[in-house]
Amino acid sequence: MKITSVKPILVGRSLLVRVYTDEGIVGTGEAGLWAYHRWVYEALRELSDYYVGKDPTRMEHHFQVLSRETHFMGSVLSAALSAMDIAMWDILAKSLNKPVYALLGGKVRDKVKVFANVVGETVEERAESARRQVERGFLSLRTTPMLPDFEKQTPTKVIKDAVAIVAAIREAVGDEVDLGLEIHRNLGPDQAILLAHELAPFRILYYEDPLVPESIAALEYIARHVHLPIATGERFYSLHQFKELIDSRTVSMVRPDLSLAGGFTQVKKIATVAEASLVNVFPHLMGSPVNIAAYVQFAAATPNYALMESLDADTHPLNAIVNQPPILENGYLLVPDRPGIGLDLLDEEVGRFPFQDRTITGWFATDGSVAH
Ligand SMILES: [Mg+2]
């Protein structure tokens, strides 16, 4: 089998790729560098010169050639290679009439646990949002414990509000529901430590991205001082970065993004490195139902998979562009037995969802300096 063409597609807030073969099998993948989809779109167009004429079932070989030819790496190239890897696994699995999970070692779970986001602009709205998500069947919730314009507040007020939000959610949903906190890289090391101390009594499942991702040394500093399990890694894009993170013994969960950190081929290795250190995998997921479907295959076959985002899969606006939207039931995504990643793109529907570009605006503190 040979690849005959590679077609990147900007749709809604997502970047997909369709990979065509001379046997008529078409694979679909998605790229996860969501802030820079147009750049990855161009990377996929450039890379098509390499891929056309190649065997799509040699995923690892293609990754090795393209990542090691010049050793210029980075998130743009990684996102493009990830989308191609997902599409090539889709092709291989479809050619064998098997789901991708069957080729990754087989199912280790029957359904995939996901969490729901708790949102709201006031403490009361957060409590109400949490209650509603539990009524929908979710047993795992996540919130960012900050109110609008927190960048303009003092650290003392930010911590006070965070404690009020978490206390209100716990009060609303009780103690049998998991609650994780997404800090979105918004705190400095000392603030992260102070906040974690105050939140310790609320039975927090994970403390996600308390710091900017640049320094594992800074993460080691806060990990020595806090007693909340730390989850991080959604901006990392290579096996080697994850190895260093896992070896630092600072994290309970790593957050590789299948559509950024190398697709099934590389993220399966990241999961294995994590497994050997008793670290769980909490994949970072954004994007369309194509990504959701691919992640379901990965989670189904990964023993140390812990959790991922639901992305409101049942009501996702781009469900209209696929033939088999993912099925979300009572806080779990179902694992389809269909070939490949379990769905196909409805090419004729794609044009109904023009690409929504993202503009760079920045986040600023009261004095005009850049926050976060
Ligand atoms: Mg995050």
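As shown above, the structure is provided for reference.
Residues numbered from 1 in each chain as written. Predicted model: local features only at pLDDT ≥ 70, side-chain atom pairs only at ≥ 80, totals over all residues.

A. Just the nonpolar core, in detail. With 115 residues, the main nonpolar core has Ala80 and Val254 as its most contacted residues. Residue-level mapping places this core at the junction of two domains, with at least three residues from each of domain 1 (3–98) and domain 2 (102–338). Discounting chain neighbours no more than four positions away, the residues touching Val254 are Gly233, Phe242, Leu245, Ile246, Ile270, Ala274, Val279 and Val281. (Core = buried A, V, L, I, M, F, W, Y, C linked by C-beta atoms within 7 Å. Buried ≥ 20, exposed ≤ 12 C-beta atoms within 10 Å, placed from the backbone. Domains from an automatic or database assignment. Contact = placed C-beta atoms within 7 Å.)

B. Quick peek at the pairing of strand 5 (residues 140–143). Of the two faces of strand 5, the one lined by Ser140 and Arg142 and the one lined by Leu141 and Thr143 are each fully buried. Read from strand 4 (residues 111–117) through helix 5 (residues 123–135) to strand 5, the crossover connection turns out right-handed. Pairing analysis gives 4 bridges linking strand 5 to strand 6 (residues 178–182), with the strands arranged parallel. Bridged to Thr143 within strand 6 is Leu181. A crossover links strand 5 with its parallel partner strand 6, the connecting element being helix 6 (residues 155–173), and its sense is right-handed. (Helix = DSSP H or I, 4+ residues; strand = E, 2+ residues; numbered from the N terminus. Right-handed = clockwise from strand over helix to strand, strands pointing away. Pairing = 2+ DSSP bridges.)

C. Region of interest: the packing of helix 3 (residues 75–95) against helix 10 (residues 263–276). Taken N-terminus to C-terminus, the directions of helix 3 and helix 10 make an angle of 100°; their axes are 6 Å apart at the nearest point. With respect to each other, helix 3 and helix 10 are oriented roughly perpendicular. Contact residues: helix 3 offers Leu81, Ser82, Asp85, Ile86 and Trp89, while helix 10 offers Gly263, Phe264 and Thr265. Across the contact of helix 3 with helix 10, the residue classes break down as 4 nonpolar, 3 polar and 1 charged. (Axes fitted to C-alpha atoms, helices over the stretch in contact; angles between N-to-C directions. Parallel < 35°, antiparallel > 145°, perpendicular 65-115°, else oblique. Nonpolar A, V, L, I, M, F, W, Y, C, P; charged D, E, K, R; others polar.)

D. Looking closely at the sheet that holds strand 2 (residues 14–21). Ordered by their spatial adjacency, 3 strands build an open sheet running 1-2-3, and the pairing between neighbours is antiparallel. In this open sheet, the two edge strands, each paired with only one partner strand, are strand 1 (3–11) and strand 3 (26–31). Averaged over all pairs of adjacent strands, the angle between their axes in this sheet comes to 20°, without regard to strand direction. Across 8 bridges, the pairing between strand 1 and strand 2 is antiparallel. Within strand 2, the position partnered with Lys7 by the bridge is Arg18. Helix 1 (residues 37–51) contacts strand 1, strand 2 and strand 3 of the sheet and is inclined by roughly 175° relative to strand 1. The sheet contacts of helix 3 involve strand 2 and strand 3, and relative to strand 3 the element is tilted by about 150°.

E. Here's a closer look at helix 7 (residues 189–199). By the burial criterion, the buried members of helix 7 are Ala192, Leu195, Ala196 and Leu199. The arc that holds the buried residues of helix 7, viewed along the axis, is 100°, so those residues lie on one side. The inward-facing, buried residues of helix 7 abut helix 6, strand 6, strand 7 (207–208) and helix 8 (216–225). (Arc of directions from axis to C-beta.)

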